[in-house]
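Here is what each chain is made of, one letter per residue.
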Amino acid sequence: MTGRELLEKWGLPDLTGNGRFVSANVMDSLGNGLVLAFTVLYFTTTTSLPLGSIGAALSLGQLLALPTPVVAGALIDRFGSRTVVIGANLMSAVGFCAFLAADAVWKIVAVQFVVQAGSSIYWTSSRSLVLLAARRRDHARWFGFISALRNIGGGFGAAVASLAIAWGSEWVRALVLANALSFVVAACLLAGWRPTAPTPAPGAAPAPGAARPTGGGGYGAVLRDLRYLRLVVANLAYVLAASVLPVLLALYITEVLGAPAWLVGACMVGNMVLVALVQTLVARMIERRRPARVLALAGVVNAAAFALFGLVLAVPGWLVAGGMLLAMAVFTVAEMLSMPSSSELSASLAPDHIRGRYLGVFQLSWSLGNALAPAVLTTLLGHGPAWPWMVLGAVNLLAVPLVLSLGDSALGKPAPADAAVEDGVPRRQPLTDTADHR
């Protein structure tokens with residue numbers, strides 16, 4: 001079996017010429033995995049501040065960083081997504097180095113703001129980079145591959161962070177420096193990467209079927225694009241769904257169901273392994289489907305998963321573990337359908353010349369959803385153990401008609417009959433970030 005046949009079988013994209021881009025994503029995901037695992041524990045281990053003060057400082061820093069995607073969008077349109085991602089990585093590196101000197105509440109607020117701002121800028125910019133790496137019609141494969149890659153790297157980073165915490169504060173400080181270094185390496189890799197996908201010259205006409213500006217430029221054009229705003233609103237449902245893992249799962253299993261803590265780990269590891277092994281195969285299955293329809297299907301599957309999570313309340317104790325693992329498997333299927341599709345739609349529905357601003361508004365749905373999720377989900381749980389699952393299921397079902405109303409995205413349409421042909425495969429003019437043209 002040739003290398004190309006193997007890539008085809010496993011749903012992997014053509015990686016030729018994009019090794020630095022792939023490696024940079026691995027380094028970024030490692031850094032983000034470390035962030036999720038040890039931020040709170042780092043400050044409780046290395047400072048004498050009370051836990052409440054640390055939590056309040058971290059929350060304030062994150063809230064201050066909420067508008068960052070709006071700034072990032074304008075920067076992308078001015079300097080190009082690759083340049084902005086490099087800057088975001090360097091900002092994250094500076095922020096983590098500053099962790100070493102953060103021994104007061106105001107310092108924790110400051111370093112958390114820098115780190116969260118760097119993360120928000122990265123996520124706002126990174127979707128355009130996938131379009132620069134993609135060839136021909138393998139956009140869905142690229143988004144699926146990057147999602148799997150980030151899941152693997154994030155899980156490994158979390159595991160390393162757990163070991164460092166167990167070994168003591170000196171190891172935790174060393175981990176901070178290693179984390180900062182990972183972002184510097186990622187920035188250097190991207191600086192040396194030259195996208196192989198052709199890019200249109202600045203000011204070139206949009207690709208056939210591509211989204212066009214609704215009038216003018218800047219954020220006014222985004223706010224007048226009701227089609228795109230429907231995607232942003234619908235995405236809030238998927239953000240709340242994704243928040244179940246970090247916010248609700250452990251609390252529900254241990255406090256509500258009274259199940260052992262190992263079940264939390266089993267669900268988390270199962271999710272990570274499934275995404276790592278199956279995500280690219282799912283991308284292969286959906287690559288000929290309309291992204292909006294795939295995202296709508298993800299909403300229905302999410303609702304089914306939340307129904308299963310809620311039904312576990314009614315099963316006998318010996319069935320709890322099996323019920324949770326089944327619900328987690330269905331939840332993971334929804335995740336594998338939604339992540340690539342929402343990323344693809346967010347990029348493909350945006351016009352080339354102000355794609356950065358469009359992606360900035362889309363990223364706000366993630367920032368806002370992640371900020372609201374802890375309060376919303378824990379409040380619902382306080383009203384009763386079934387309430388979070390009923391509300392999450394209803395919200396995801398309400399998102400389905402919104403997503404279906406988007407119709408066909410530029411990347412989801414079949415190639416026109418007169419498209420250029422490469423290796424026997426019709427090829428459209430790619431949607432790329434004009435500011436990255438060289």
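What comes next is a walk through the structure. Computed from a predicted model, the values in this text were never measured in an experiment.

Notes on the overall build of the protein chain
Link 1 in the chain: What the protein chain contains, in helices and strands, is 16 helices and two strands.
Link 2 in the chain: Taking the intrachain contacts of the protein chain between residues at least 6 apart in sequence as the baseline, contacts between residues at least 24 apart amount to 85%.
Link 3 in the chain: Carbon and sulfur atoms form 69% of the exposed surface of the protein chain, whose accessible area is close to 18100 Å².

Quick notes on the nonpolar core
Link 1 in the chain: Of all hydrophobic cores here, the largest spans 34 residues; its most connected members are Tyr228, Leu231, Leu337, Leu345, Val403 and Leu406.
Link 2 in the chain: Elements supplying a minimum of two residues to this core: α9 (218-224), α10 (226-242), α12 (262-286), α13 (291-311), α14 (320-348), α15 (355-383) and α16 (387-404).
Link 3 in the chain: At seven residues, α10 tops the list of elements feeding residues into this core.

A short note on the packing of aromatic side chains
The description of an aromatic ring pair uses the distance of the two centres, along with the angle that the planes make with each other.
Link 1 in the chain: Under the definition given, this model contains twelve aromatic pairs.
Link 2 in the chain: Both rings, one in phenylalanine 96 and one in phenylalanine 99, keep their centres 5.0 Å apart while their planes meet at 45 degrees; by these two values the pair is tilted. Here the residue phenylalanine 96 and the residue phenylalanine 99 both occupy positions in helix α5 (residues 81-99), the gap between them amounting to three residues, near one helical turn. Accessibility classification places phenylalanine 96 together with phenylalanine 99 in one group, the buried group.
Link 3 in the chain: A network of ring pairs unites the aromatic residues Tyr252, Phe306, Phe309, Phe331 and Trp389 as a single cluster.
Link 4 in the chain: For arginine 357, the ring lying beneath its charged end belongs to tyrosine 219, and the centroid distance is 5.9 Å.

A short note on the pattern of salt bridges
Link 1 in the chain: Across all of its chains, the model carries three salt bridges by this definition.
Link 2 in the chain: A salt bridge links lysine 107 to aspartate 103; the shortest N-O distance between them is 3.0 Å.
Link 3 in the chain: You can call lysine 107 partly exposed: its relative accessible area is 27%.
Link 4 in the chain: Ionic pairing is found between aspartate 352 and arginine 355, a salt bridge with its closest N-O pair at 2.8 Å. Both residues of the pair, aspartate 352 and arginine 355, count as buried.

With respect to α15
Link 1 in the chain: Taking 1.5 Å per residue, 29 residues should reach 42 Å; α15 reaches 41 Å between its end C-alpha atoms and fits that length.
Link 2 in the chain: Considering bend angle alone, the principal kink of α15 is centred on alanine 373 and spans about 40 degrees; proline proline 374 follows within four residues of it.
Link 3 in the chain: A positive phi of about 150 degrees marks glycine 384, the residue just after α15.

Conventions and cut-offs
Residues numbered from 1 in each chain as written. Predicted model: local features only at pLDDT ≥ 70, side-chain atom pairs only at ≥ 80, totals over all residues. Heavy atoms only, no water. Helix = DSSP H or I, 4+ residues; strand = E, 2+ residues; numbered from the N terminus. Contact = heavy atoms within 4.5 Å. Areas by Shrake-Rupley, 256 points an atom, 1.4 Å probe, with all protein chains shown as cover. Core = buried A, V, L, I, M, F, W, Y, C linked by side-chain atoms within 4.5 Å. Buried < 20%, exposed > 50% of the residue type's maximum accessible area, 1.4 Å probe, protein only. Phe/Tyr/Trp six-rings, centres within 6.5 Å; stacked < 30°, edge-to-face > 60°. Lys NZ or Arg CZ within 6 Å of the ring centre and 35° of its normal. Salt bridge = Lys/Arg side-chain N within 4 Å of Asp/Glu carboxyl O. Expected span 1.5 Å × (residues − 1). Bend = angle between axes of the 7 residues up to and from the residue.

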